[in-house]
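# A structural walkthrough
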Amino acid sequence: MNGGDEVVAAPVGSSQPPLEWKFSQVFGERTAGEEVQEVDIISAIEFDKTGDHLATGDRGGRVVLFERTDSKDHGGSRRDLERMDYTINRHPEFRYKTEFQSHEPEFDYLKSLEIEEKINKIRWCQTANGALFLLSTNDKTIKFWKVQEKKIKKISDMNLDPSNAVGNGSVASSSNSLSPKPYLANGGSPDRSYSSLSNELSFPPGGIPSLHLPVVVTNHETSLVARCRRVYAHAHDYHINSISNNSDGETFISADDLRINLWNLEISNQSFNIVDVKPANMEDLTEVITSAEFHPNQCNMLAYSSSKGSIRLIDLRQSALCDSHAKLFEESEPPGSRSFFTEIIASISDIKFGKGGRYILSRDYMTLKLWDINMDSGPVETFQVHEYLRPKLCDLYENDSIFDKFECCLSGDGLRVATGSYSNLFRVFGSTQGSTEATTLEASKNPMRRQVQTPSRPSRSLSSSITRVVRRGAESPGVDANGNTFDFTTKLLHLAWHPTENSIACAAANSLYMYYA
């Protein structure tokens, strides 16, 4: 998926070797027994297109920016470094850059509703003139931020000789030590009329000694300043679950449960409703929008997922209100498999386009699915993530864990996909044909701690007739696929893959862990 629309999958049998993941960094690591504050829990992660910047948002409404340092330390071009036989793939390193308060808690007096400050999504926009631009959103309000380095200006001195300073800035000299003339309170002289004063006003050749002008110099120090450029508000009746930039660099979409709106970055008081699934009678409501994303390089195409497990691809050129979809992607249920939980676990929590736009990755509660937009008969790959939890769906429903929304991501080359799980675990799968890569990692300083020697391979379904593979250990309550006990209170919901390298950033509560391979 390197930039083009076409992606050539690896032929059967020529799969890539599994990656060996290593710990890189952690920010905000907890000490043993330390209690995590609710406002510090990370709720969004996003790399920019270059991979040199990373943004996180938390439940306290803060956005924290990190910048990569190891790529800047090389100096010289890649060719020069190759001549020096210098290793390009150094250990990826990021450092804290800045943070700012993006959203504050609000109260909607018309609906008597509290609007929490939690950041739901962050999206990077195109950079300009050395400034960083990004969009952040909570449940109701989207904000457009500009982060720029400003040179610090300081007053170095005044045009005043300190030795002649007297009292409060007055200058002691022979010119003002002579017998003073009476002056009025407003600076006029009693022996002159106003008109003569205005006509005869002149400055002495050396200037007025008592007029002190500061000399401002620009220091070499810089400070990062975050400014909110625009606020896009009052356009959603329901909670915003997605924002996505368009490849045209001018527009973006925001989606809630029932509507998708199209915005221009420069216009904050007007948006266009392009998708509306709200029925005339709300009792007829059967599905809601769960995620939406623009095609990475076709500005007229976007996809959105629903709570029924379907993905709709729409073309903005067809009509102003895209009630009808260009393509529908869904997997039919195997006969006799329907249960009370079927619709709940089929709900898609996140979708992502691959870099070239040919493939869409979707995450529901049990699986990851990879879809080819040229083939709407079913997913080309299905990766089992939570199959071992199927016997415990009743317990998961009672403690609301079954409604957890896990995110997913693809590698920049399209060869692998990743998503999170419980017990602060995340899974990496090889997505090429014939690949048997299925790695389970823990968000800790020892990510490979939970590994087993022969991880089970996820099932691959090209049609609904292929049965799913149940991993060993599924029958044991409280035990995951690798034989470890799992903890529903620690879940890894948010993660992001570096756009050009095999590097993953993931959030475990208030800690940001980074890994590379």
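Everything that follows concerns the structure shown earlier in this document.
Every value quoted in this text rests on a predicted model; they were computed, and no experiment measured them. (Residues numbered from 1 in each chain as written. Predicted model: local features only at pLDDT ≥ 70, side-chain atom pairs only at ≥ 80, totals over all residues. Heavy atoms only, no water.)

Regarding its fold elements, the protein chain presents four helices and 32 strands. Looking at the 517 residues of the protein chain, the share that counts as buried comes to 47%. Look at the contacts in the protein chain between residues 6 or more apart in sequence, and 59% of them connect residues 24 or more apart. Counting every atom, the protein chain has about 26,700 Å² of accessible surface; 50% of that belongs to carbon and sulfur. (Helix = DSSP H or I, 4+ residues; strand = E, 2+ residues; numbered from the N terminus. Buried < 20%, exposed > 50% of the residue type's maximum accessible area, 1.4 Å probe, protein only. Contact = heavy atoms within 4.5 Å. Areas by Shrake-Rupley, 256 points an atom, 1.4 Å probe, with all protein chains shown as cover.)

This next bit is on the side chain of Asn246. Relative to the elements of secondary structure, Asn246 occurs in the loop between strand S14 (242-245) and strand S15 (251-255). A polar contact is formed between the side chain of Asn246 and the backbone oxygen of Cys299, at a distance of 3.2 Å. Asn246 has contacts with Thr251, Phe252, Phe294 and Cys299, leaving out every residue within four places of it along the chain. (Polar contact = N/O pair within 3.5 Å; in protein donor to acceptor, adjacent residues only side chain to side chain.)

By the element assignment, Arg259 lies in strand S16 (residues 259-264). Among the polar contacts made by the side chain of Arg259, one reaches the side chain of Asp276 at a distance of 3.2 Å. Non-local contacts of Arg259, meaning those with residues more than four positions away in its chain, are made with His236, Asp237, Ser254, Asn273, Val275, Asp276, Lys278 and Ile289.

Paired through backbone hydrogen bonds, the strands of a sheet run either parallel or antiparallel to each other. Read across the sheet, four strands follow the order S14-S15-S16-S17 without closing on themselves; strand pairing throughout is antiparallel. Of all the strands in the sheet, the pair left with one neighbour each is S14 and strand S17 (267-276). Shown here is a sheet whose adjacent strand axes are inclined to one another by a mean of 25°, direction ignored. Two elements, S14 and S15, share four bridges in a ladder whose sense is antiparallel. Bridged to Ser242 within S15 is Ala255. (Pairing = 2+ DSSP bridges. Axes fitted to C-alpha atoms, helices over the stretch in contact; angles between N-to-C directions.)

This part is about the environment of Asp52. Tracing the backbone shows Asp52 in the loop between strand S2 (42-47) and strand S3 (53-58). Expressed as a C-alpha distance, the spacing of Asp52 and Glu93, which sit 41 residues apart in the sequence, is 9.8 Å.

Attention shifts here to the pairing of S16. For S16, a buried count of five out of six residues is recorded, marking the element as mostly surrounded by other parts of the structure. Linking two consecutive strands that pair antiparallel, namely S15 and S16, is a turn of three residues. Of the pairings in the sheet, the one linking S16 to S17 comprises six bridges and is antiparallel in character. Within the sheet, the bridge partner assigned to Asn261 lies in S17 and is Asn273. In this structure, the hairpin formed by S16 and S17 is closed by a connection of two residues.

Attention now goes to the pattern of salt bridges. For the coordinates displayed, the defined rule picks out 25 salt bridges. The salt bridge involving Glu387 is made with Arg390; its shortest N-O contact spans 2.6 Å. What makes Arg390 partly exposed here is its relative accessible area of 30%. The partner of Glu437 in a salt bridge is Arg416, with the nearest N and O atoms 2.8 Å apart. (Salt bridge = Lys/Arg side-chain N within 4 Å of Asp/Glu carboxyl O.)

What follows concerns the nonpolar core. Ranked by size, the top nonpolar core spans 17 residues in total, and within it Trp21, Phe426, Val428, Leu495, Ile504 and Cys506 carry the most contacts. Secondary structure elements with two or more residues in this core: strand S28 (425-430), strand S30 (495-497), strand S31 (503-508) and strand S32 (511-516). With three residues, S31 is the single largest residue contributor to this core. Those residues within four positions of Cys506 in sequence are excluded, and the remaining contacts are Ile45, Phe426, Ala443, Leu492, His494, Leu495, Ser511, Leu512, Tyr513 and Tyr515. By size, the runner-up hydrophobic cluster in this structure holds 15 residues, among which are Phe341, Ile344, Tyr422 and Phe488. (Core = buried A, V, L, I, M, F, W, Y, C linked by side-chain atoms within 4.5 Å.)

We now examine the packing of aromatic side chains. Summed over all chains, the structure comprises 23 aromatic pairs. Ring-pair connections join several aromatic residues into one group, and the members of that group are Phe23, Phe426, Tyr513 and Tyr515. (Phe/Tyr/Trp six-rings, centres within 6.5 Å; stacked < 30°, edge-to-face > 60°.)

This paragraph deals with the sheet that holds strand S5 (residues 94-101). Taken in spatial order, the four strands line up as S2-S3-S4-S5 in an open sheet, and their pairing is antiparallel. At either end of the open sheet lies a strand with only one pairing partner, and these are S2 and S5. Here the strands of the sheet are splayed against their neighbours by 20° on average, with no regard to which way each runs. With seven bridges joining them, strand S4 (residues 62-68) and S5 adopt antiparallel strand pairing. By the bridge assignment for S5, Val64 is matched with Glu99.

Scanning all chains against the criterion turns up zero disulfides. Between Cys506, a cysteine without a disulfide, and Cys409, which holds the nearest cysteine sulfur, the sulfur-to-sulfur distance is 9.3 Å. On the accessibility criterion, Cys506 (0% relative accessible area) is buried. (Disulfide = S-S within 2.5 Å.)

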